[in-house]
Amino acid sequence: MTAPSLAVALVAGCALLVGCAGARPNSRTPPSEPSAAVDALLADYARPGVPGASVTVIRDGKVVLSRAYGLAHVEEQASATPESNFRLASLSKQFTAMAVLLLVEEGRLRLEDRVVDVLPGFPAALREVRIRHLLQHTSGIWDYEEFVPATHPVQVKDRDVLQLLSRADRTYFPPGTAVRYSNSAYAVLSLIVEQVGGRPFARFLRERVFVPAGMDSTVAHEEGVSTVARRAYGYARDASGFIPRDQSPTSAVLGDGGIYASVADLAAWDRALDTHALVRAETQALAWTPATLPDGTTARYGFGWFIDEDGGRRRLSHHGETCGFTNAIVKYPDQRLTVIVLTNRAGGEPWRIAQSIADLWLDAPAKNPVWPFETMPNAH
């Protein structure tokens, strides 16, 4: 039986548990043997000698499953654990967005502020771009990656993105009128946090987000400045097997993808969101509200989160794809269910694994197997 078929069978078998005391609407009591189903879904990551994965399931604010598979460091044969720190790639964006929201809540920044009025050096040709546009991927600013060849001799950093953006004299579209996924936007947001927050972005995150949330080992990693404890290293597959592929010319940009964290720390992050330990509930709600475009359509992105519905349930999600790492988070806030899958290999579809795991705790499989990022321009 294939892994997906096994997951479906287990979901059906667990249907007998629906209706038990304490079950939340649109959710089921935990399956009696969830580990077996999760192991089947992650079987490819558990083979000997391969890069692995870490997985966690959070239900009603408590970790109900935490497992790891394969290797965090192939050359040293170091096993992955729930405490292994993976590069989050674009899962980092929710932390950049939180840093901005902290400044907004303190009155030091407004969502409608023009970036050119806040950030020295921001190109004048992009004067109509506002903070909200950057957060929601509706800015239309150019992708800095377009100007960075794969053979670029040094790594680009957030500050370099400003210079790269100056090469464009226009936006893809008038700001606020359309949606296009933008790593440039989140690199610029990190610079805004530095400017307004009065300290380096990595330090701001550490002091204002990670420590208050109880994320003790999480770090916005800067080579030569900080270290990553229990670090997972990235790999890619070629004809001979898996080869090291941990860094690229754009891997040092922090705001769009440079955070390392474990599923253990991300469980603390999830708890901080649900208990409003960092910002008020009404401020957090802004991050989970999708942008509405002038034509009335919904952009399906808030601040650092994709937003859609699955069978009438509100679903928050994000994927992360970068050199040597592929990750996913899916969160059902009303059912108080979150699933996180981190992997240290390029490729694969951990978002589908995360959804299949979430389905074990939901009263029906996902009605919408397509994740929002799969149809957003430039997001995959």
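Details of the structure are given in the entry above.
Residues numbered from 1 in each chain as written. Predicted model: local features only at pLDDT ≥ 70, side-chain atom pairs only at ≥ 80, totals over all residues. Heavy atoms only, no water.

Chemist: What am I meant to see in the packing of aromatic side chains here?
Modeler: Think of a pair of aromatic rings as described by two things: how far the centres are apart, and how the planes are tilted against each other in angle. For the structure shown, the criterion picks out 11 aromatic pairs. Their ring planes at 85° and their centres at 4.7 Å tell us that Tyr 301 and Phe 306 sit as a pair that is edge-to-face. Just as Tyr 301 is buried, Phe 306 falls in that class too. By the ring-pair criterion, three or more aromatic residues cluster together here, those being Tyr 181, Tyr 301, Phe 306, Trp 351, Trp 371 and Phe 373. The side chain of Lys 93 reaches across the aromatic face of Tyr 186, ending 5.8 Å from its centre. For Arg 180, the ring lying beneath its charged end belongs to Tyr 172, and the centroid distance is 4.0 Å. (Phe/Tyr/Trp six-rings, centres within 6.5 Å; stacked < 30°, edge-to-face > 60°. Buried < 20%, exposed > 50% of the residue type's maximum accessible area, 1.4 Å probe, protein only. Lys NZ or Arg CZ within 6 Å of the ring centre and 35° of its normal.)

Chemist: Quick question: what am I supposed to make of unusual backbone geometry here?
Modeler: Comment: phi is negative for the bulk of residues other than glycine, and the bulk of peptide bonds are trans. Non-glycine residue His 137 carries a positive phi angle of around 60°. Within the element layout of this structure, His 137 appears in the loop between α5 (131-136) and α6 (158-165). (Helix = DSSP H or I, 4+ residues; strand = E, 2+ residues; numbered from the N terminus.)

Chemist: Explanation requested: the pattern of salt bridges in the structure shown.
Modeler: Two side chains carrying opposite charge are able to pair once their charged atoms lie near each other. This structure, assessed with the given rule, holds 26 salt bridges. In this structure, Asp 39 and Arg 67 form a salt bridge, with 2.8 Å as the shortest nitrogen-oxygen distance. Pair noted here: Asp 39 is in helix α2 (residues 34-41) and Arg 67 is in strand β2 (residues 62-69), with a separation of 28 residues, a long-range link. Under the relative-accessibility criterion, Asp 39 is labelled partly exposed at 27%. Look at Arg 67 and you get partly exposed, because its relative accessible area is 28%. Notably, a salt bridge pairs Glu 105 with Arg 280, separated by 3.8 Å at the nearest N-O pair. Placement of the pair is Glu 105 in helix α3 (residues 93-105) and Arg 280 in the loop between α9 (263-274) and α10 (281-287), with a sequence separation of 175 residues. (Salt bridge = Lys/Arg side-chain N within 4 Å of Asp/Glu carboxyl O.)

Chemist: Even after reading the chapter, I still don't get the pairing of strand β11 (residues 313-322), so can you show me in this structure?
Modeler: Side-chain direction in a regular strand flips from residue to residue, so the side chains alternate between the two faces of the sheet. When you tally the buried positions in β11, you get seven out of 10 residues, the bulk of the element. Direction of pairing for strand β10 (residues 306-310) relative to β11: antiparallel, over a ladder of five bridges. Bridge assignment links Asp 310 to a residue of β11, and that residue is Arg 313. Pairing of β11 with strand β12 (residues 325-332), which is carried by seven bridges, proceeds in the antiparallel orientation. The residue bridging Gly 320 from the neighbouring strand is Asn 327, located in β12. Taking the residues that link successive antiparallel strands as the turn, the β11-β12 hairpin has two residues, and the phi of Gly 324 there is positive, at about 85°. (Pairing = 2+ DSSP bridges.)

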